[in-house]
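Structural characterization, general
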Amino acid sequence: MLLGFLSVRGRNFSTNITTSWSTRAQELVNLERYPIEPIDSSLVVRCRDVLRETGVCLLPSFLHQAAVQTILQSCCPEKVCASAFTSHNTHNIFQQEPNSLEIAQREAPLRTRMGLSTIGSIACDELPSNGPLLALYHWNALRDFIAQVTLGPNIPLYRLADPLGACSVGVFRAGAEAGQWWHFDEAQFTTTIMLQEADEGCGGNFDLVPDVRSDGSIDSNDQSGAGFARACAALDEDHSVIRRLHEFRPGTLSIFHGSRSLHRVTPVTAGKDRLVAVLCFHTSPGVVNSDSVRKQYWGR
């Protein structure tokens, strides 16, 4: 289910990638279609309802297409994408590796089934400090809108304090079979913006099984619930439980329950790289990733 809005006129703004965007983030966003400054309460209610009912809220054309191109030129030039650190990680849906002590101690289907994730990432400190993507991430209106949709009114939301992972760009390299195997996120919700999709027929599809952990209780020992059955069906490629988000196109803002919804990105086999901005927030201030997570995804 997608939100329906009227089409709008484009907004003119400078696409000079050397321009400082620190005070101009609002120019990137289609505010006529998505009035988030000031926040339109009816928009928040509709987004919140969709997120609750389906596990994912997609806002197509949240960014102007010219803004998407500006971000690509300034933050994701080909040479930067080519040199982005790439992680290769075999894991289960709980993102545990095969040598995990917990897996060794518990022979359970959802913990012992493994898949390979291969993904590059442009770290936050590799993005232009005065560029459009970080300006968007540090724009209070966007943070406050996401907070109201995901948490409700008057509940604070904080940007991650991590120098590498606060805001990054996931790089799924074409021809490198780059993709993410089925998994849950550690964060309560996930916020991403599609910058460049893979060529049609070349993979890079975003697949979702919404609210598998709707009550947060699914565990490898719980083999009787509907969530367990749906998770196993997804691993068996039962497409009756898998929702493929064809609507996740460049410029689309996605907010979804990554900790409750099983999801993956299918390998990109050829053509263009798939590039996705990942914007991280937390309900507590000063949160950073662990050293092991930084080492795994950024190599340092």
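The shown structure was predicted, so the numbers you read here are calculated from the model rather than taken from an experiment.

The number of helices and strands found in the protein is nine helices and 13 strands. When the 300 residues of the protein are sorted by exposure, 53% land in the buried category. Within the protein, residue pairs in contact and separated by at least 24 positions form 84% of the contacts whose partners lie at least 6 positions apart.

One number sums up the size of the largest pocket: a volume of about 1,100 Å³. Here the lining of the largest pocket is built from residues that sort into 19 nonpolar, 19 polar and four charged. Glu197, Ala198, Gly203, Asn205 and His246 are, among the 16 residues lining the second largest pocket, the residues nearest its centre.

Attention shifts here to the pattern of salt bridges. Under the definition given, this model contains 13 salt bridges. Put simply, Arg143 and Asp144 hold a salt bridge, and the shortest N to O gap is 3.0 Å. The class for Asp144 is partly exposed, based on a relative accessible area of 32%. Between Lys272 and Asp199 there is a salt bridge; the shortest N-O distance is 2.4 Å. Residue Lys272 is found in the loop between strand S11 (262-268) and strand S12 (274-279), and its partner Asp199 is found in the loop between strand S7 (190-196) and strand S8 (206-209); the two are separated by 73 residues along the sequence. Given the relative accessible area of 37%, Lys272 is considered partly exposed. Linked through salt bridges whose partners overlap, the residues forming this network are Asp207, Glu237, Arg244 and Arg264.

Below, the discussion takes up the packing of aromatic side chains. All told, the structure shown has six aromatic pairs when counted by the stated rule. Between Tyr34 and Phe62, the aromatic rings sit 5.6 Å apart at their centres with planes inclined by 40°, giving tilted as the arrangement. Of the two residues, Tyr34 sits in the segment before helix H1 (41-54) while Phe62 sits in the loop between strand S1 (56-59) and helix H2 (65-75), which places them 28 residues apart along the sequence. Take Tyr34 and Phe62: they sit in the same class, and that class is buried. One aromatic cluster in this structure is built from Phe206, Phe248 and Phe256. In this structure, Arg111 packs its charged tip against the face of Phe94, placed 4.4 Å from the ring centre. Across the ring face of Phe172, the terminal group of Arg274 is positioned such that the distance to the ring centre comes to 5.0 Å.

Turning to the pairing of S12, a few remarks are in order. Most of S12 sits out of view: five of its six residues are buried. Taken together, the five bridges between S7 and S12 define a ladder with antiparallel strand orientation. From the neighbouring strand, Thr191 faces S12, where its bridge partner is Leu279.

Glancing now at helix H7 (residues 140-150). In terms of residue burial, H7 counts as a mostly covered element, since eight of its eleven residues are buried. Positive phi shows up at Gly152, right after H7, with a value of about 110°.

It is worth spelling out helix H8 (residues 226-235) at this point. Here H8 lies mainly inside the structure; seven of its ten residues are buried. For H8, the elements touching its buried residues are helix H5 (109-112), strand S6 (178-183), S8 and S11. Positive phi shows up at Glu237, right after H8, with a value of about 60°.

In the segment running from Glu37 into Pro38, the intervening peptide bond is cis, with an omega of -10°. Tracing the sequence through the fold places Pro38 in the segment before H1. For Gln95, which is not glycine, the phi dihedral falls at a positive 60°. One can find Gln95 in the loop between strand S2 (85-91) and helix H4 (101-105). Within the chain, Glu237 stands out as a residue other than glycine whose phi angle is a positive 60°. By the element assignment, Glu237 lies in the loop between H8 and strand S9 (243-244). Overall, the relative accessible area of 36% leaves Glu237 in the partly exposed class.

Calculation notes
Position numbers for residues count from 1 along each chain, tracking the sequence in the order it is written. Two thresholds apply to this predicted model, a pLDDT of at least 70 for residue-level local features and 80 or more for giving and counting side-chain atom pairs, whereas whole-chain, interface and lining totals are computed over all residues. Only hydrogens and water are removed before side-chain values are computed, so all heavy atoms of the structure are retained for them. Strands here mean DSSP runs of E at least two residues long; helices mean DSSP runs of H or I at least four residues long; both are numbered from the N terminus. Buried, partly exposed and exposed residues are distinguished by accessible area as a fraction of the type maximum, computed with a 1.4 Å probe on protein chains only: under 20%, between the cut-offs, and over 50%, respectively. The contact definition used throughout considers only heavy atoms, calling two residues in contact when any of these lie within 4.5 Å. With a 1 Å grid spanning the protein atoms alone, the term cavity applies to any set of points in which a 1.4 Å probe fits but cannot get out, the term pocket to an open set with protein on both sides within 12 Å along at least five of seven lines, and the term lining residue to any residue with an atom within 4 Å of a point. Grid points are joined across faces, edges and corners, and a volume is the space filled by probe spheres set on the points. Only Asp, Glu, Lys and Arg are considered charged in this grouping, and only Ala, Val, Leu, Ile, Met, Phe, Trp, Tyr, Cys and Pro are considered nonpolar; every other residue, Gly among them, is considered polar. Any Lys or Arg side-chain nitrogen found within 4 Å of a carboxyl oxygen on Asp or Glu counts as a salt bridge. Pairing of aromatic rings covers Phe, Tyr and Trp, the last counted by its six-membered ring, and requires centre-to-centre distances within 6.5 Å; plane angles under 30 degrees mean stacked, over 60 mean edge-to-face, and any other angle means tilted. Comment: the charge-over-ring label is applied if NZ (Lys) or CZ (Arg) is within 6 Å of the ring centre and within 35 degrees of the ring normal. Between any two strands, at least two bridges found by DSSP are needed for them to pair.

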